[in-house]
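# Breakdown of the fold
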Number of protein chains: 2
Amino acid sequence: MAEVYSQLVAEGWLTARTGSGTSVAERRAVDPGPGAAARLEAVVPRYDLRPGEPDLSAFPRRAWLATARKALAAAPDHLLGYPDPRGLPQLRAVLAGYLARARGVAAEPAHIVICAGFAHGLAVVCGALCSAGTGTLAVEAYGHQAHRGIAEAQGLRLRPLPVDGQGAVIGEVAGADAALLTPAHQFPLGVTLHPQRRREAARWGGVVIEDDYDGEFRYDRQPVGALQALAPDHVVYAGTASKSLAPGLRLGWLVVPSRLLDAVTAQLAAAPATPSGLDQLTLAEFISSGGYDRQIRRARLAYRRRRDRLAAALRRQDLHVTGIAAGLHAVLELSRTDTERQLVARAAGHGLALEGLETHRAAGQGAAEPGRAGLVIGYGRPPEHAYTTALARLCAVLSADGR
Amino acid sequence: MAEVYSQLVAEGWLTARTGSGTSVAERRAVDPGPGAAARLEAVVPRYDLRPGEPDLSAFPRRAWLATARKALAAAPDHLLGYPDPRGLPQLRAVLAGYLARARGVAAEPAHIVICAGFAHGLAVVCGALCSAGTGTLAVEAYGHQAHRGIAEAQGLRLRPLPVDGQGAVIGEVAGADAALLTPAHQFPLGVTLHPQRRREAARWGGVVIEDDYDGEFRYDRQPVGALQALAPDHVVYAGTASKSLAPGLRLGWLVVPSRLLDAVTAQLAAAPATPSGLDQLTLAEFISSGGYDRQIRRARLAYRRRRDRLAAALRRQDLHVTGIAAGLHAVLELSRTDTERQLVARAAGHGLALEGLETHRAAGQGAAEPGRAGLVIGYGRPPEHAYTTALARLCAVLSADGR
């Protein structure tokens, strides 16, 4: 729990006061009067090139609402009752088809579980792994601190795996019972897991949680299919609507191998948190009507253009970003962590939020030493009209002396 | 975990096969082709007077969608991003006002947490209690088996409290660290906690989880305010939209005392399962526009009429139902559990689903002995057009020989 506390302090939910315990941070918690929205707005930086969120202004509000209306009009009353804790059969059936087609996932609807976003799914799987006797989870040495915190809070010990130019070094997985990987587009480094490493991961035999957070966004080559297809008995596939639509929907899905299905179902019964039945019906209708594919095609085109503009702008400064074949972020490697920190601070002075690799580094044994330095540039996040300025500010920050 | 498994088996999610472990039940899990909806329908009984669900056909579909449209049109983009794991500030502020007005709850928005229905909230609170050192939870000797299962799965030992004509016997709470109560309308027995008992519960000092599942539906007297108002430092108030609107929305709320706020927040970070931001905005708008109050007034009137018809119909057979001052169910006490079982079985033969008190009895030390017998008649569930027939069948079942 100490880990979770320090994470909450770091994220500003709690305030640590030496000698007086922790208390909930005042910033977001009090007095939600008329001024609250403005104050919340103030926390949002003017320009934001941090990774982790898509362009929220591109969420298809009108199409989503029209679909919700259609789905609700067609829904018999009983679908408004307590939903199956594993998710509505309708959505699970539609997702089985979609995931096979779009990501090569091998899934029966009976193996699909709907969750409230990836973090919820991860907590459920980690809880299930623990109850099934798993002790140690290998995690990529660079990845989301929040995800590591969730795994630890569920009782798992972490074992960082180095990440090199071919992705996570699967050969180092020995000693762990399970592994959390981002095979299609390593977060944050951006590499795709090398085919040889994929085969190693598939043959390993331990449970692999495949975080396919941005698998739909592939630009230069044929999509890399899900690792799950190589080893459906060992891999838990995890997908989400947080990048393809919006994180605010809190919709994600797991494809669970037979060996974990009972343990996962028991976790869902022990802490039921199924998303709204209406939202599940809406997503099912959005996918089967083709609206979801259309939205992804549109977004893929827009993000690809942004990526090209980012790469071109930096090339003019003789800088080279990596990890750009997919996803919504790229990495600008730097030689020193000092430089990384200076650039993040300088950007903040320009009203531009940036994130360094340091934020994502796992601590402890097996963690990459010496630490790499770099900026993780999330080009997905700004609304379309703000991207030009965000890019210009990034270039200004990078072209100044001291890099 | 054994408890959760047997509960899942009981609810049909898992199939227990002697000597071969458990597997997920086939019934709801396979082949979701065109026939699936029909097959799912077949599980729903023709007439249903079990408690636990409101009339789903009364869900205000049109008003809810219109409100969603309005809420989404007014929402700035950032509200589509990752929501505060405690819920959107907008909804928490609106709920603080609503709960004070409608239920007498004393709550700052900072103490309100949005959860995915009561069961999710209960899991979060039980997890928080455990992490704060609570070992034993007193539960009413009659109550939801699923709720007891959740508390146990989170690691709490249960201690059943007898329930008499004045509600839970608070004097027996000694030895427990916390208690789960339904003060406004005991589930399933229907008694209101006596004012003297309320004072005892408020003075006790252990944490009380107040399950106010149907607090809005009060018919004959002034509403009984929330117990939380008497002891906001000790009582976790838990409310839900599952009875007032529909369980499928998966929206509930907690009012958390200061002493548990950090532990609850840590639980939410360890397994984030916040409901959709859009749904939270929609509920906030629905409450502040007056739509929620209108819906509750309309439903209260309809349910009151149904209750009156039930009481009158049974009176004509010289039968007397109890627990009818509030809520969506009444109890017909019987002298023997045998009779209860026979009536439930006979009703099933008439296409009528009924539930006996036995379903809700807690096992173990302190549980009511000898067990009471009775039928828990949920008059909220049938759609309006089916209520007359449901009632007629109930009367037919009760008037036959052998009671």
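Before going further, it helps to examine the packing of helix H9 (residues 277-288) of chain B against helix H10 (residues 291-315) of chain B. All names here are of chain B. H10 packs onto H9 with a crossing angle of 70 degrees between their chain directions and a minimal axis gap of 4 Å. Classified by the angle their axes make, H9 and H10 are roughly perpendicular. Contacts from Leu 283, Phe 286 and Ile 287 in H9 reach Gly 291, Tyr 292 and Gln 295 in H10. Class assignment for the residues of the contact of H9 with H10 results in four nonpolar, two polar and no charged.

A separate point is the domain arrangement of chain A. Residue and element names in this part refer to chain A. One can read the domain layout of chain A as domain 1 (1-25), domain 2 (47-58 + 294-402) and domain 3 (61-291). Using C-alpha coordinates to define each centre, domain 2 is positioned 25 Å away from domain 3. Tallying the contact residues gives 37 residues for domain 2 and 38 residues for domain 3. The contact between domain 2 and domain 3 buries some 3,000 Å² in all, and 58% of this surface belongs to carbon and sulfur atoms. The three residues of domain 2 that bury the most area against domain 3 are Ile 296, His 360 and Arg 372, which together make up 18% of that side's buried surface. Here domain 2 is connected to domain 3 by two salt bridges.

Our focus in this paragraph is the interface of chain A and chain B. For interface size, the figure often reported is the accessible area lost on association. Contact residues are listed per partner, giving 72 residues for chain A and 73 residues for chain B. At the surface where chain A touches chain B, the tally comes to two salt bridges. Inspection of the chain A/chain B interface yields 18 residue pairs in polar contact (both at pLDDT 80 or more). The dominant element in the side of chain A that touches chain B, judged by the number of residues it contributes, is helix H8 (residues 258-270) of chain A, at eight residues. Looking at side-chain class alone, the side of chain A that touches chain B contains 45 nonpolar, 15 polar and twelve charged residues.

Within a beta sheet, neighbouring strands are joined by backbone hydrogen bonds and run either parallel or antiparallel to one another. Residue and element names in this part refer to chain B. The strand order across the open sheet formed by seven strands is S4-S12-S11-S10-S9-S5-S6, and the pairing between neighbours is mixed. Edge positions in the sheet fall to strand S4 (112-115) and strand S6 (157-161), since each of these pairs with one other strand and no more. The average undirected angle you get between the axes of adjacent strands in this sheet is 20 degrees. In the sheet, strand S5 (residues 136-140) pairs with strand S9 (residues 178-181) via three bridges, with the strands oriented parallel. The residue of S9 that forms the bridge with Leu 137 is Ala 178. Relative to the sheet, helix H4 (residues 89-103) contacts S4, strand S11 (235-240) and strand S12 (252-255), its axis offset from that of S4 by approximately 105 degrees.

Scanning the model with the defined rule gives ten aromatic pairs over all chains in all. Consider the rings of Phe 217 of chain A and Tyr 303 of chain A, whose centres lie 5.4 Å apart with planes at 90 degrees: the pair is edge-to-face. Separated by 86 residues along the polypeptide, Phe 217 of chain A in the loop between strand S10 (207-211) and strand S11 (235-240) and Tyr 303 of chain A in helix H10 (residues 291-315) bring together distant segments of the chain. Exposure remark for Phe 217 of chain A: the relative accessible area of 1% places this residue in the buried category. Taking the relative accessible area as the measure of exposure, Tyr 303 of chain A reaches 4% and is therefore buried. With centroids separated by 5.8 Å and ring planes inclined at 90 degrees, the aromatic side chains of Phe 187 of chain B and Tyr 213 of chain B adopt a geometry described as edge-to-face. One end of the pair, Phe 187 of chain B, is in the loop between S9 and helix H7 (195-204); the other, Tyr 213 of chain B, is in the loop between strand S10 (207-211) and S11, with 26 residues separating them in the sequence.

Rules behind the numbers
Residues numbered from 1 in each chain as written. Chains lettered and ligands numbered in written order. Predicted model: local features only at pLDDT ≥ 70, side-chain atom pairs only at ≥ 80, totals over all residues. Heavy atoms only, no water. Axes fitted to C-alpha atoms, helices over the stretch in contact; angles between N-to-C directions. Helix = DSSP H or I, 4+ residues; strand = E, 2+ residues; numbered from the N terminus. Parallel < 35°, antiparallel > 145°, perpendicular 65-115°, else oblique. Contact = heavy atoms within 4.5 Å. Nonpolar A, V, L, I, M, F, W, Y, C, P; charged D, E, K, R; others polar. Domains from an automatic or database assignment. Buried area = accessible area lost by both parts, 1.4 Å probe. Salt bridge = Lys/Arg side-chain N within 4 Å of Asp/Glu carboxyl O. Polar contact = N/O pair within 3.5 Å; in protein donor to acceptor, adjacent residues only side chain to side chain. Pairing = 2+ DSSP bridges. Phe/Tyr/Trp six-rings, centres within 6.5 Å; stacked < 30°, edge-to-face > 60°. Buried < 20%, exposed > 50% of the residue type's maximum accessible area, 1.4 Å probe, protein only.

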